[in-house]
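# A look at the structure
Here's the letter readout for the chains.
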Amino acid sequence: MAVEVSSAPYSISNESKSKHDAKSGSDGLGPLASVKAKAGVDPSSDSASDTALVQRAEITAGLADSAYDLVAYLERAHVHLALGYPDLAAGDAYRALLLADEARNEGFEYHDEAAEALTRYDVPQVLEGLEGDSAERGAGAAYRLLARSLLQAGCLSSAAKFLKRGLDASPNDTELAATRQALEAAASKRIGHSVDIFAPGTLPETTLVRREVYPWNTHEPDRFSEESLTELNTTLRRFAPKCAVQVAVLPVLLDGVALEGATCSQLGVFAVEDIAPGEKVLEEYSLLTANNRMKDSVCDACSSELPRDRDGVVMCDECYDTVFCSAHCAEQAERYHPAVCGTGSDEIGKDPAPHEADESLHLLLLARVLALASQGEIHPLDVPEVKYIWGDFTPHPTLPWSFEYNVETPLHILETMDVDIYAHPEYDLWVLNTLYAKFRGTASARKNPLDGKPDVAAVHPYWCLANHDCDPNVSWDWAGTIVLRAREERIAGVPGVKKGQEILNHYCDIRLPVSERREWASGPLGGWCMCARCKREAKEEEWASEDEGAELGSVLEDEAKRRLAKAVPTPAVKVAVVERHEGRHQMTSSAHVVVRQSEDWTRVLVASKQSAASDQWTLAFSIDQAEPAGLTLLRNAHLIELEGRLEPANAERIETISNPRIVRINNRSRGPRSSLGAPTLVVAWHTSSSFVLQDLHISPDTKRLIAEISDFGGPISPANRRFLPALASIDVPDVVLDFSQWECAVVDPFVANALYSTIASLLVRGTHVTLVDFNLVFSCMADATVPMRPARYTALPRRAEDAIKYRVRNTLRAGPECPDARAVEVNVRQLLTHLTVLSADELRSKL
Ligand SMILES: C[S@@+](CC[C@H](N)C(=O)[O-])C[C@H]1O[C@@H](n2cnc3c(N)ncnc32)[C@H](O)[C@@H]1O
């Protein structure tokens, strides 16, 4: 069967469509007309897509009575494909697959309901041509549909995953074979050459879609109606008494080009009284916030930093690991927190890989709306924080969409919240898609100063009604509440806002030149900014373009000089490079290097000099980038003399001790690093570099590694972040992480993250892990929310256990042979039995 491939599954939408929805469903229609009206179809129409919409409405109504019916989901998936919504088809097919699992497994929660629903059919059309009992056929049909619809949606990686599962179950399935061919063609077109579609990490996953107002969406208010504006303004008046929401006429924006003349109507915020320069215009509090670090010291409700002295902080009595910055936030959180309290659902999406920081924040915002809806028992699209947000306005696809973030993980979150995903159609995929569309372009994010990655986000539904201008008349600041204040200085305009003028916010750094501003703001704006300042400066740039080349050169050179001038080297480090040659170590070269840490602690700069006499730097790099030559030089060094302020513990040589029962090796030992067959190897670590572990030779006789980890050298240590993962690469059956030397400094979130990830990687590899005096280090973590406990207390704090569990789960899910969600949970529980917590005394008595 030929499969159509499209990377932009959503069809054209516009605001008038939603008005049409609002009008449909009127009284006094006949039964078919009434179904049509509910489906968002003109009762007099007879087109193919309208027929499909009616079918969709009928199946959806049927699902309300028989919620566990996988056949109905498969049928609706076909209808969604016919309507041009392959993403929604994938969502239905996935639910059908989950229900097939329920029907096949007696121990599963909805087994009886799913099995019973299947007894109502003989052989339904959607299961024809498949083999096995009804549930097996259901699974087979779901695989076919998942592979095909995800391929059409453009999520190639997930398409390949389900295709493989389908082919494993039915190797001779001709429909799957056709999808395979189509997927191979689509993959080679997108990647540029032919690829093995089943090789892990080969295919792209995320696709782009556009905002769709689904024809059956009766939750999209007519934002221009008097009723809507009155509701909006009644609320707005409470925290912006001099403003009102009104209809604004805005230029239509395009990506990468300036389009003159075309305009559209949207909403904006306007002054209804004069506002003086410096005066507060709006102060908005929002519960729609997200923070993607598992261990972060921010308020769970408003995402503001918790006070250092914890003054006024309130902890949830039920799940002691949720903290609010104030009694007010704790009270507000009653609107969502009970729905997630103690369920573990708020751990999902935390500590993402750096490239997924953005996605995780959007996912967590979605999770917050789901919790608000569940707790408030309202439809998610009617949650006040999102109801009037229009979302993404562009006619072209700009919204990332993936099976993982739009389908799988949201369902997982709902299940963890104990929501029956089948009996609650208000959590259907079209609702989740609509919510995502509302966040994109309206959420503001804050970057973590340590690594520059976004880790906190929020949607302030009124603040985000203010439109953008590169000569804004307000500035904004977000710390708990978001505050708009009238600017005291403007670029060209007059400070202050006069009655009737629009409040002009800014979505980018207005200090940048026009091309960079346009690029930055084009995401939230949906195209190139066409404000008066941008148009003026773009013209000026055009005139100046002839001299541009020469000017740019000198700007770059000045910047390079400025950066180098700021680099103040610490005393030089002498490094000898020793290479292994025919089993022996030989010194091959030596060099002086200067090691220093960048101000933000995220980079290590190394400058190497050929001789001590020369004072010229020849090299500077960031450890985040591809491994540069200087780092290899350090890694290969077997003799390191460090005199620098940062690495005092490295001042001595590394040593070898032969044939003892226990080899104690630390970064002050002498000689090549080898455990020489000792049954127990102790690596003492004092937060300096991780190189001591890089080429440690571990004999198969070594059964246990004891890593003594201290905080010597300072609390914020990039080295500890590297050391811990390096530990995870050492292959011994039993690893002891001994924290008894930890001095109770603060543990920064990166070290905490590295620590949990290391423990998880070790467990997943089958290693037995023992944590010694772990509570000492746990209580030092920046956001440890338990009071200091006795150092010898040997139970693992719940937060720590949850953090480890979460990473084990993610590691299993990311593996090449990712089992299904339930098998993962069983595995997680089993692997955690390999984790032991001891006191230092208990460890000594064991040795
Ligand atoms: C955060 S919303 C602002 C409120 C929005 N106008 C509404 O009706 O809800 C951002 C969207 O407003 C529109 N917008 C904001 N500033 C604009 C500008 N200067 N020119 C054109 N469109 C703008 C863009 O469509 C953008 O995607």
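Residues numbered from 1 in each chain as written. Predicted model: local features only at pLDDT ≥ 70, side-chain atom pairs only at ≥ 80, totals over all residues. Heavy atoms only, no water.

### Quick word on the sheet that holds strand S13 (residues 481-486)
One open sheet accounts for three strands, arranged S4-S13-S12; its pairing is antiparallel. Of all strands in the sheet, those with a lone pairing partner are strand S4 (280-285) and strand S12 (474-479), marking the two edges. Taking each pair of neighbouring strands and ignoring which way they run, the sheet shows an average axis angle of 15°. In this sheet, S13 lies alongside S12 in antiparallel orientation, the contact comprising six bridges. Counterpart to aspartate 477 in the pairing with S13 is valine 483. (Pairing = 2+ DSSP bridges. Helix = DSSP H or I, 4+ residues; strand = E, 2+ residues; numbered from the N terminus. Axes fitted to C-alpha atoms, helices over the stretch in contact; angles between N-to-C directions.)

### As for the site of the ligand
In the region of the ligand, 17 residues are neighbours, and Arg223, Gln266, Asn467, His468 and Pro524 sit closest. For the ligand, an oxygen atom lies 2.7 Å from a polar atom in the side chain of arginine 223. Contact distances for the ligand include 2.7 Å between a nitrogen atom and a side-chain N or O atom of asparagine 467. Within the complex, the protein chains bury 94% of what would otherwise be the 560 Å² of accessible surface of the ligand. (Near = heavy atom within 4 Å. Polar contact = N/O pair within 3.5 Å; in protein donor to acceptor, adjacent residues only side chain to side chain. Areas by Shrake-Rupley, 256 points an atom, 1.4 Å probe, with all protein chains shown as cover.)

### Focus on the side chain of arginine 144
Relative to the elements of secondary structure, arginine 144 occurs in helix H7 (residues 134-153). Ignoring anything within four residues of it in the chain, the contact list for arginine 144 reads Glu128, Gly129, Leu130, Asp173, Glu175 and Leu176. (Contact = heavy atoms within 4.5 Å.)

### Brief notes about the nonpolar core
Phe439 and Ile503 are the most contacted members of the largest nonpolar core, which has 145 residues in total. Setting aside chain neighbours within four positions, we find isoleucine 503 in contact with Cys243, Val269, Phe270, Ala271, Ile275, Val281, Ala466, Asn467, Asn473, Val474, Leu484 and Val497. Among the nonpolar cores identified, the runner-up in size contains 39 residues, and Ile730, Ala752, Phe778 and Leu831 belong to it. (Core = buried A, V, L, I, M, F, W, Y, C linked by side-chain atoms within 4.5 Å. Buried < 20%, exposed > 50% of the residue type's maximum accessible area, 1.4 Å probe, protein only.)

### A closer look at unusual backbone geometry
Backbone geometry places aspartate 418, a non-glycine residue, at a positive phi of 70°. One can find aspartate 418 in the loop between helix H15 (403-416) and helix H16 (429-439). Since its relative accessible area comes to 66%, aspartate 418 is described here as exposed. For aspartate 773, which is not glycine, the phi torsion reads 50° and is therefore positive.

### Some details on the side chain of histidine 506
By the secondary structure assignment, histidine 506 is in the loop between strand S14 (504-505) and helix H17 (514-525). By relative accessible area, histidine 506 is classed as buried at 15%. Looking at histidine 506, its side chain comes within polar contact range of the main-chain oxygen of cysteine 508, at 3.1 Å. When residues no more than four places from it in sequence are discounted, the contact partners of histidine 506 are His468, Asp469, Pro472, Val474, Ser475, Trp476 and Arg487.

### Here's the deal with the sheet that holds strand S5 (residues 289-291)
The sheet built from three strands is open, its strands ordered S5-S10-S9 with antiparallel pairing. Each of the sheet's edge strands pairs with one partner strand only, and the pair in question is S5 and strand S9 (444-447). Pairwise comparison of adjacent strand axes, ignoring direction, gives a mean angle of 20° for this sheet. Pairing analysis gives four bridges linking S9 to strand S10 (residues 454-458), with the strands arranged antiparallel. Along S10, the bridge assignment pairs serine 444 with alanine 458. Relative to S10, helix H13 (residues 357-376) is tilted by about 35°, and along the sheet it contacts S5, S9 and S10.

### As for the state of the cysteines
Under the criterion given, the structure shown has zero disulfides. Take cysteine 299: it sits in no disulfide, and the sulfur closest to it among the cysteines is that of cysteine 325, at 3.7 Å. On the accessibility criterion, cysteine 299 (1% relative accessible area) is buried. You can see cysteine 470 has no disulfide; the closest cysteine sulfur is in cysteine 534, sitting 3.5 Å from it. By relative accessible area, which is 1% here, cysteine 470 ends up buried. (Disulfide = S-S within 2.5 Å.)

### Quick notes on the confidence of the model for the protein chain
Taken as a whole, the protein chain shows an average pLDDT of 75; of its residues, 68% reach a score of 70 or greater. Low pLDDT, under 50, characterises residues 545-557; the predicted model gives this stretch zero contacts beyond four residues in sequence or across chains. (pLDDT = per-residue confidence, 0-100.)

### Details of the packing of aromatic side chains
All told, the structure shown has 14 aromatic pairs when counted by the stated rule. Judged by centre distance (5.1 Å) and plane angle (80°), the rings of phenylalanine 162 and phenylalanine 403 are edge-to-face. Here phenylalanine 162 is found in helix H8 (residues 156-169), whereas its partner phenylalanine 403 is found in helix H15, with 241 residues between them in sequence. Here phenylalanine 162 and phenylalanine 403 have matching classes, each one buried. Taking the centre distance of 5.1 Å and the plane angle of 65° together, the rings of tryptophan 463 and tryptophan 476 count as edge-to-face. Of this pair, tryptophan 463 sits in the loop between S10 and strand S11 (467-468) while tryptophan 476 sits in strand S12, and the two are 13 residues apart along the sequence. What makes tryptophan 463 buried here is its relative accessible area of 6%. Aromatic ring contacts, followed pair by pair, group Tyr85, Tyr214, Trp216 and Trp430 into a single cluster. (Phe/Tyr/Trp six-rings, centres within 6.5 Å; stacked < 30°, edge-to-face > 60°.)

### Description of the environment of leucine 236
The topology assignment puts leucine 236 in helix H10 (residues 226-239). Separated by 227 residues in the primary sequence, leucine 236 and tryptophan 463 have C-alpha atoms spaced 9.5 Å apart. Here leucine 236 is in contact with Cys243, Ala244, Val245, Leu282 and Tyr462, once residues within four sequence places are set aside.

### Describing H17
Among the residues making up H17, those that are buried are Val514, Arg517, Arg518, Ala521, Ser522 and Leu525. When H17 is viewed along its axis, its buried side chains cluster within an angular range of 135° and face the same direction. Opposite the buried face of H17, at more than 90 degrees from it, the exposed residues are Glu519 and Gly523. Immediately downstream of H17, the backbone of glycine 526 shows phi near 85°, a positive value. (Arc of directions from axis to C-beta.)

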